[in-house]
Amino acid sequence: KSRRILEEQMSDAVYLGNPNLKKANTAISFTKEQVEEFIKCKNNPVYFARQYVKIVSLDEGLVPFTMYDFQEELINNFHNHRFNIAKLPRQTGKSTTVISYLLHYAVFNDNIKIAILANKAETSRELLSRLQLAYENLPKWMQQGIIAWNKGSMELDNGSKIIAASTSSSAVRGNSFNIIFLDEFAFVPNHMAEQFFSSVYPTISSGKTTKVIIISTPNGMNMFYKLWHDAERQKNGYIPLEVHWSAVPGRDAKWKAETIANTSERQFTQEFECEFLGSVDTLISASKLRAMAYDDPLHQNKGLSVYEAVKPDHDYIMTVDVSRGTNNDYSAFVVFDITTLPWKVVAKYRNNEIKPILFPNIIEEVAKNYNKAYILAEVNDIGEQVTNILHYDLEYPNILMCAMRGRAGQIVGQGFSGTKSQLGLKMSKVTKKVGCSNLKTLIEDDKLLISDYEIISELTTFIQKNQSFEADDGYNDDLVMCLVLFAWLAVQPYFREMTDNDVRKRIYEEQRNQIEQDMAPFGFISDGLDTIEEKIIDEDGNVWYTDGYGNPYADVEYMLNY
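All figures in this text were calculated on a predicted structure; none of them were measured in a lab.

S.K.: Teacher, can you tell me more about the overall build of the chain here?
M.R.: Each helix and strand in the chain was counted, giving 19 helices and 27 strands. Residue burial in the chain is summarised as follows: out of 562 residues, 47% are buried. For the chain, the exposed area adds up to about 28,800 Å²; of that, 48% sits on carbon and sulfur atoms.

This is the structure we're talking about:
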């Protein structure tokens, strides 16, 4: 009878029949040793993880979490700092390390909310399931009672809640969180990452103890790349931590060679060396992209970034790419200082919400500010409406016109009256090919200087597709197309007259010596038989002959015998 009563009491104390979980409001009698242990774990998350967290090993099943030194450092950083960003190789236990800290935070703090976010909801739920597994294997006296327990969330009777969702602005909108964990943040598409931070970050920054944890392996030069480099330069509040692949026991030179043989050099460089590589087959070489550094703008407001204020007597050109303002592609323009070589980007605008009917007013305002800059716009689609508004309604004077020459086109002056001329440039396969080729030369030879993060980011995903170049899947190329327009313009005769700079000639002159050294020298071989024209006897009696080119050589009979 006593045994039956005890079994009934035990069954009443578990959550939904799960013997590993304690239901809410279950009374627990602590021993003195348990109280001391509870306090010790509360004050030291590393000790808690080492002593009580269990994980699933691929080889051994459920095992205690044996931590590496860098994992201890990660947890201490999470505990002591509000904002953390870590760049780690693949398969280093980074997610498990964060999960251990989040479990500690939920158990030993009351009334807190934690969000586990990944690029896919399925991934975040898998992370939550790891946390739940570790929770089930805690001693009952250390557990909090369970109020809710499912695949997407869990709630403890100390008021702590943990949810799992995808990294999007809508997933956690309207909620406030004490900790947001962003797993593999580099793999979240750029536009989603931007929307997430603009909508969710204010709810975090409003607190004094709230935390953000960003963990990822690099995946190109995206928002994670920017946050990481800003953290390195102490431009933001994140504490950066980088882990080398050799920090994991068993990873040595032999392991590296094996891994490269089974994958590729590029894959190893990105996933284990943690280099920020762009897409494959980019227009600009990977070495040049890695060397390009961005700066903070002098001013930034609603899509406009200014890197250099207008200078008197300087000449400027603006190139424009227009979208429909439907939150997909961006309407964009880039302002170039063309006064002297190297040319430089001094301002840029990028907005995917501005309507085409309003875009001309922004273009005019910025162009006027830059000494009434010349404007060249792409007019394949809605761009024609923008140039017409600029020309006829706003009466802006410096819009460049294009006289069509086959499919290539040619920039002409504003007073040109040819029958096949138009405001702006209608981009064709030929003009795009010329523009892309010129852009590659200008950037790689440092004739065009760029310090804007978003332009550099777009260049890292501007790749070759079907005999042309365009943005990689999931990315944009609106700013790059403004550069392509400028690069096409830079070799036009009208532009050379306007700037008194022939960039092609300048690049050739700078590289002429190298070009001549690389070329194989031309030579001629003579057998001396058909080219003898004159016999010469010197004062010593030696007989000399000249070849057909006037070069003297010794006795023919001697040379033939030789």
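S.K.: I keep staring at the packing of helix α2 (residues 32–43) against helix α3 (residues 45–52) and nothing clicks. Help me out?
M.R.: When two helices pack together, you describe them by how their axes are tilted relative to each other and by the distance separating the axes. Between α2 and α3, the least distance of the axes is 5 Å, while the angle of their chain directions is 120 degrees. Here α3 runs oblique to α2, going by the angle between their axes. Counted together, E37, K40, C41 and N43 of α2 and P45, Y47, F48 and Y52 of α3 form the full contact between these two elements. Class assignment for the residues of the contact of α2 with α3 results in five nonpolar, one polar and two charged.

S.K.: Sorry, what's going on with the sheet that holds strand β6 (residues 113–118) here?
M.R.: Strand pairs in the sheet, formed through backbone hydrogen bonds, run parallel or antiparallel to each other. Here we have eight strands laid out as an open sheet, ordered β7-β8-β9-β6-β10-β11-β5-β12, and mixed in their pairing. At either margin of the open sheet sits one strand with a lone partner, and together these are β7 (146–149) and β12 (239–242). Across this sheet, the average inter-strand angle for adjacent strands is 10 degrees, counted without regard to direction. With four bridges connecting them, β6 and strand β10 (residues 179–183) associate as parallel partners. What sits directly across from L117, in β10, is L182. Helix α5 (residues 94–108) rests against β6, β8 (153–156), β9 (161–166), β10 and β11 (211–216) of the sheet, and its axis sits at about 160 degrees to β11. Against the sheet, helix α6 (residues 121–136) engages β6, β7, β8, β9 and β10, with an angle of about 155 degrees to β9.

S.K.: Sorry if this is basic, but what is going on with helix α16 (residues 478–489) here?
M.R.: The first and last C-alpha atoms of α16 sit 17 Å apart over twelve residues, in line with the 16 Å expected at 1.5 Å per residue. Residues of α16 that are buried: D478, L479, V480, M481, C482, L483, V484, L485, F486, A487, W488 and L489.

S.K.: Where do I start with the pairing of β7 in this structure?
M.R.: Consecutive residues of a regular strand have side chains that alternate between opposite faces of the sheet. In the sheet, β7 pairs with β8 via three bridges, with the strands oriented antiparallel. What sits directly across from I146, in β8, is L156.

S.K.: Please clarify how the pairing of strand β4 (residues 61–64) should be interpreted in this entry.
M.R.: Here strand β3 (residues 54–57) runs beside β4; their pairing, made up of four bridges, is antiparallel. Paired with V56 across the two strands is L62, which belongs to β4. Remark: three residues form the turn of the hairpin made by β3 and β4, two consecutive strands paired antiparallel.

S.K.: Would you take a moment to explain the packing of aromatic side chains for this structure?
M.R.: Note on aromatic pairs: each is described by the distance of the centres and the angle between the planes. By the definition in use, this model includes 29 aromatic pairs. With a centroid separation of 5.4 Å and an interplanar angle of 85 degrees, the aromatic rings of W343 and F495 are classed as edge-to-face. Here W343, found in strand β17 (residues 343–351), pairs with F495, found in helix α17 (residues 493–499); they are 152 residues apart in sequence, far enough to count as distant. This pair shows no difference in class: W343 is buried, exactly as F495 is. Among the aromatic residues, those joined into a ring-pair cluster are F30, F38, F48, Y52, F108 and W141. Sitting above the plane of the Y453 ring, K226 keeps its charged end 5.7 Å from the centroid.

S.K.: Sorry, what's going on with the pattern of salt bridges here?
M.R.: Side chains that carry opposite charge are capable of pairing whenever their charged atoms lie near each other. One pass over the structure, following the stated rule, counts 20 salt bridges. Two residues, R233 and D230, come together in a salt bridge whose shortest N-O distance is 2.9 Å. Judged by its relative accessible area of 34%, R233 is partly exposed. Since its relative accessible area comes to 7%, D230 is described here as buried. The network of salt bridges with common partners includes K348, R350, D452, E454 and E458.

S.K.: Before we go on, may I ask you to explain the side chain of T96 in this structure?
M.R.: Take T96: it is sitting in helix α5. According to the relative accessible area criterion, T96 is buried, its value standing at 16%. The residues contacting T96, other than those within four sequence positions of it, are I55, F65 and R130.

S.K.: What exactly am I supposed to notice about α6 here?
M.R.: An α-helix turns once per 3.6 residues; consequently, residues spaced three or four apart project the same way. Between its first and last C-alpha atoms α6 spans 22 Å; for 16 residues at 1.5 Å apiece the expected length is 22 Å, and the two agree. Considered for burial, the residues of α6 that qualify are S124, L127, L128, L131, Q132, A134 and Y135. Projected onto a plane normal to the axis of α6, the buried residues spread over an arc of 160 degrees and lie on a single side.

S.K.: Help me understand a nonpolar patch on the surface in this model?
M.R.: On the surface, a cluster of nonpolar side chains totalling about 310 Å² of accessible area is made up of I28, F30, V35 and I39. In this structure I28 comes out as partly exposed when scored by relative accessible area, which is 31%.

S.K.: Teacher, can you tell me more about the environment of V346 here?
M.R.: Residue position: V346 is located in strand β17. A relative accessible area of 0% places V346 in the buried class. As a C-alpha pair, V346 and Y316 span 30 residues in sequence and 9.1 Å in three-dimensional space. Excluding anything up to four places from it in sequence, V346 contacts S305, V306, Y307, E308, Y316, V335, F336, D337 and Y370.

Parameters at a glance
- Residues numbered from 1 in each chain as written.
- Predicted model: local features only at pLDDT ≥ 70, side-chain atom pairs only at ≥ 80, totals over all residues.
- Heavy atoms only, no water.
- Helix = DSSP H or I, 4+ residues; strand = E, 2+ residues; numbered from the N terminus.
- Buried < 20%, exposed > 50% of the residue type's maximum accessible area, 1.4 Å probe, protein only.
- Areas by Shrake-Rupley, 256 points an atom, 1.4 Å probe, with all protein chains shown as cover.
- Axes fitted to C-alpha atoms, helices over the stretch in contact; angles between N-to-C directions.
- Parallel < 35°, antiparallel > 145°, perpendicular 65-115°, else oblique.
- Contact = heavy atoms within 4.5 Å.
- Nonpolar A, V, L, I, M, F, W, Y, C, P; charged D, E, K, R; others polar.
- Pairing = 2+ DSSP bridges.
- Expected span 1.5 Å × (residues − 1).
- Phe/Tyr/Trp six-rings, centres within 6.5 Å; stacked < 30°, edge-to-face > 60°.
- Lys NZ or Arg CZ within 6 Å of the ring centre and 35° of its normal.
- Salt bridge = Lys/Arg side-chain N within 4 Å of Asp/Glu carboxyl O.
- Arc of directions from axis to C-beta.
- Patch = residues over 30% accessible without salt bridge, like charges linked within 9 Å, V, L, I, M, F, W, Y side chains within 5 Å.

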